[in-house]
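Inside the fold
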Amino acid sequence: LTDGVFKINNIHSEDGFNNLLEYAAHAEFFSNHPISRAIIAEYNGSIDKNRISDYKETVGSGISVKIDGKNVLIGNIRLLTLNGIYANEVQNTTDTVIYIAIDNKYAGYITVADKERPDSIAAVSWLHSKKINTIMMTGDEPFSSEYIANHVGISKVHSRLQPYDKIKCM
């Protein structure tokens, strides 16, 4: 339904956290995820791999890594919550929100957006004309996934799914 080419729309740092994009770019350096590539592209500096250690990527949640000896978490709200870090969840946005914590403190977030493919509405309409039901299964948040689904004509949406949850829905 979307191009899979993300663009940074907003970077919000909490008080006392400077260089949020620098930490995010370093944290995302070893990932091949399209959102990671967008964050690195937005960063206007070089990545020093020697600053990065203990990298661990959890599919469907995010990344845990040390940068300059500081523990950094970057990913969805579940990643922070599972690690006992409180963050106000960003509401009512069609963007994907990437939350960041540094040394067990919420540091801020980055919002990224993906662009709808030009033929998505026509493809869904064609499926409906063939009496094929369409269901959207995504790891995205409910507000953004429902927005896209409604826009292209999909009536049933399952959001906040981990990759293994998508298989269970089938």
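Whatever comes next refers back to the structure up there.
The following paragraphs examine the structure supplied in this document. (Residues numbered from 1 in each chain as written. Predicted model: local features only at pLDDT ≥ 70, side-chain atom pairs only at ≥ 80, totals over all residues. Heavy atoms only, no water.)

This part is about the overall build of the protein. Per the secondary structure count, the protein includes 6 helices and 8 strands. Scanning the protein from its N terminus toward the C terminus, one meets helices and strands in the order β-α-α-β-β-β-α-β-β-α-β-α-β-α. A compact globule built from 170 residues should have a C-alpha radius of gyration of about 15 Å, and the protein, at 17 Å, falls within 12% of that. Projecting the C-alpha coordinates of the protein onto the three principal axes gives extents of approximately 55 × 30 × 25 Å. The 170 residues of the protein split such that 39% are buried. For the protein, the proportion of contacts with a sequence separation of at least 24, taken over those separated by at least 6, is 49%. Total accessible area on the protein is roughly 9,900 Å²; 49% of this is exposed by carbon and sulfur atoms. Distance from the positive charge centre (17 side chains) to the negative charge centre (20 side chains) of the protein: 6 Å. (Helix = DSSP H or I, 4+ residues; strand = E, 2+ residues; numbered from the N terminus. Rg over C-alpha atoms; globule rule 2.2 N^0.38 Å. Buried < 20%, exposed > 50% of the residue type's maximum accessible area, 1.4 Å probe, protein only. Contact = heavy atoms within 4.5 Å. Areas by Shrake-Rupley, 256 points an atom, 1.4 Å probe, with all protein chains shown as cover. Lys, Arg positive; Asp, Glu negative; His and termini not counted. Charge placed at Lys NZ, Arg CZ, Asp CG, Glu CD.)

Let us now look at the sheet that holds strand S5 (residues 96-102). The antiparallel open sheet is built from 6 strands, whose spatial order is S1-S6-S5-S4-S3-S2. With one partner strand each, in any of the chains shown, strand S1 (2-13) and strand S2 (52-58) form the two edges of the open sheet. Between one strand axis and the next, the sheet turns through 20 degrees on average, direction left out of account. Across 7 bridges, S5 lies against strand S6 (residues 105-116) in antiparallel orientation. Counterpart to threonine 96 in the pairing with S6 is valine 112. (Pairing = 2+ DSSP bridges. Axes fitted to C-alpha atoms, helices over the stretch in contact; angles between N-to-C directions.)

As a further point, take the packing of aromatic side chains. Going through the model one piece at a time under the given rule, you end up with 3 aromatic pairs. For the ring pair phenylalanine 29 and phenylalanine 30, a centre distance of 5.1 Å and an interplane angle of 75 degrees mean the geometry is edge-to-face. A centroid spacing of 6.5 Å and a plane angle of 45 degrees characterise the contact between tyrosine 99 and tyrosine 106, whose relative ring orientation is tilted. Accessibility expressed as a relative area gives 13% for tyrosine 106, which makes it buried. Ring pairing ties together the aromatic residues Phe29, Phe30 and Tyr55, which thus form one cluster. (Phe/Tyr/Trp six-rings, centres within 6.5 Å; stacked < 30°, edge-to-face > 60°.)

Glancing now at the layout of surface pockets. Within this model, the largest pocket holds a volume of roughly 1,000 Å³. Lining the largest pocket are 44 residues, and of these His33, Ile35, Thr96, Gly139 and Asp140 lie nearest its centre. Among the elements that make up the lining of the largest pocket, the one with the highest residue count is helix H5 (residues 142-152) (4 residues). A class-by-class count of the residues in the lining of the largest pocket yields 19 nonpolar, 17 polar and 8 charged. As a volume, the second largest pocket reaches approximately 170 Å³. In this structure, the second largest pocket is lined by Glu89, Val90, Gln91, Asn92, Thr93, Asp95, Val97, Tyr99, Glu141, Pro142, Phe143 and Arg160. Secondary structure elements with two or more residues in the lining of the second largest pocket: S5 and H5. For the lining of the second largest pocket, a count of residues per class yields 5 nonpolar, 3 polar and 4 charged. (1 Å grid on protein atoms, 1.4 Å probe; cavity = no way out; pocket = protein on both sides within 12 Å on 5 of 7 lines; lining within 4 Å. Points joined across faces, edges and corners; volume = space filled by probe spheres on them. Nonpolar A, V, L, I, M, F, W, Y, C, P; charged D, E, K, R; others polar.)

A positive phi angle, near 60 degrees, is found at asparagine 19, a position not held by glycine. One non-glycine residue, lysine 131, lies in positive phi territory at about 65 degrees. Note that lysine 131 resides in the loop between helix H4 (120-129) and strand S7 (135-137). A residue is classified by how much of its surface remains accessible, and lysine 131, at 74% relative accessible area, is exposed.

Turning our eyes to something else, we now look at the side chain of serine 145. With respect to the element layout, serine 145 can be found in helix H5. A polar contact of 2.6 Å, which involves the side chain of serine 145, links it to the backbone oxygen of glutamate 141. Filtering out sequence-adjacent residues up to four positions away, serine 145 remains in contact with Met136, Thr138, Asp140, Val157 and Ser159. (Polar contact = N/O pair within 3.5 Å; in protein donor to acceptor, adjacent residues only side chain to side chain.)

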